[in-house]
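Below are the chains, spelled out letter by letter.
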Amino acid sequence: MNFFRHRYRILVGPPALAVLITVAGCSSADDSASTAVPGPSTKVTKLCRNLDKALPTKLDGLDREDPEPASALTAGWGSPAIILRCGVVRPPRMIDPKVAEGGDPDAVAGGVNGVDWLMEKQDDGAYRFTTANRSAYVEVTVPEGQDSTGVLVDLAPAVKKAIPEGIAD
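Residues numbered from 1 in each chain as written. Predicted model: local features only at pLDDT ≥ 70, side-chain atom pairs only at ≥ 80, totals over all residues. Heavy atoms only, no water.

(A) Broad picture of the packing of aromatic side chains. One pass over the structure, following the stated rule, counts one aromatic pair. Relative to Phe 129, the ring of Trp 117 lies with its centre 6.4 Å away and its plane at 85 degrees, an arrangement referred to as edge-to-face. In this pair, Trp 117 is assigned in strand E6 (residues 115-121) and Phe 129 in strand E7 (residues 127-132), connecting sequence segments twelve residues apart. Take Trp 117 and Phe 129: they sit in the same class, and that class is buried. (Phe/Tyr/Trp six-rings, centres within 6.5 Å; stacked < 30°, edge-to-face > 60°. Helix = DSSP H or I, 4+ residues; strand = E, 2+ residues; numbered from the N terminus. Buried < 20%, exposed > 50% of the residue type's maximum accessible area, 1.4 Å probe, protein only.)

The following block contains the structure:
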């Protein structure tokens, strides 16, 4: 009996309590997505703020639920979240000749409703789309299983309105 009492004290003693507090502090009461906020130039930040104002409240039927930390450079819809980040750096595959020639099975260039995108398949099954031929790079990550066509169709008007054609820095 003393063995069990002693073991019980070890489990709920200071080390176990510290672990419990740490785990509770890291968990979230909601399913809010989180994402890294890009750090673009002042010029690109202004374009991204304009994009944020033009973004739809619904994307492919999903309500807008912005990720943490709150920023005009990020937006989200649904759960699992479709995440948009504006002002990201150019993805390396954007200038890869293999992609342009259609020789990369995990990266494809194409356009939807007047907006050019680089599509990259991610290791987790998600797809990442990054605008091309625009003055700022806009990245959209669509979780595995979500149809990306409606997402890109719904985003096209906002991107065309806020991010002019050109070459991003």
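(B) Highlighting the sheet that holds E7. Here we have six strands laid out as an open sheet, ordered E3-E4-E8-E7-E6-E5, and antiparallel in their pairing. Of all strands in the sheet, those with a lone pairing partner are strand E3 (74-77) and strand E5 (107-112), marking the two edges. Across the sheet, the mean angle from the axis of one strand to that of its neighbour is 20 degrees, orientation sign disregarded. With six bridges connecting them, E5 and E6 associate as antiparallel partners. Across the sheet, residue Val 112 finds its bridge partner in E6, namely Val 115. (Pairing = 2+ DSSP bridges. Axes fitted to C-alpha atoms, helices over the stretch in contact; angles between N-to-C directions.)

(C) View of the layout of surface pockets. Volume-wise, the largest pocket comes out at about 160 Å³. In terms of lining, the largest pocket is formed by 14 residues, of which the most central are Met 94, Val 99, Ala 109, Leu 118 and Ala 132. Per-class residue counts for the lining of the largest pocket are nine nonpolar, two polar and three charged. (1 Å grid on protein atoms, 1.4 Å probe; cavity = no way out; pocket = protein on both sides within 12 Å on 5 of 7 lines; lining within 4 Å. Points joined across faces, edges and corners; volume = space filled by probe spheres on them. Nonpolar A, V, L, I, M, F, W, Y, C, P; charged D, E, K, R; others polar.)

(D) Examining helix H3 (residues 42-54) more closely. In this model H3 runs 19 Å from its N-terminal to its C-terminal C-alpha over 13 residues, within 8% of the 18 Å that 1.5 Å per residue would give. For H3, every residue scored as buried is listed here: Val 44, Thr 45, Leu 47, Cys 48, Leu 51 and Asp 52. Each buried residue of H3 lies within a common arc of 160 degrees when the element is viewed along its axis, so the set occupies one face. The exposed residues of H3 that point more than 90 degrees off its buried face are Thr 42, Lys 43, Lys 46 and Lys 53. As for H3, its buried residues are in contact with E3, strand E4 (82-86), strand E8 (138-142) and helix H5 (148-162). (Expected span 1.5 Å × (residues − 1). Arc of directions from axis to C-beta. Contact = heavy atoms within 4.5 Å.)

(E) View of a negative patch on the surface. A cluster of like negative charges, contributed by Asp 106, Asp 123, Asp 124 and Glu 144, occupies part of the molecular surface. Locating Asp 124 in the fold gives a position in the loop between E6 and E7. (Patch = residues over 30% accessible without salt bridge, like charges linked within 9 Å, V, L, I, M, F, W, Y side chains within 5 Å. Areas by Shrake-Rupley, 256 points an atom, 1.4 Å probe, with all protein chains shown as cover. Salt bridge = Lys/Arg side-chain N within 4 Å of Asp/Glu carboxyl O. Lys, Arg positive; Asp, Glu negative; His and termini not counted. Charge placed at Lys NZ, Arg CZ, Asp CG, Glu CD.)

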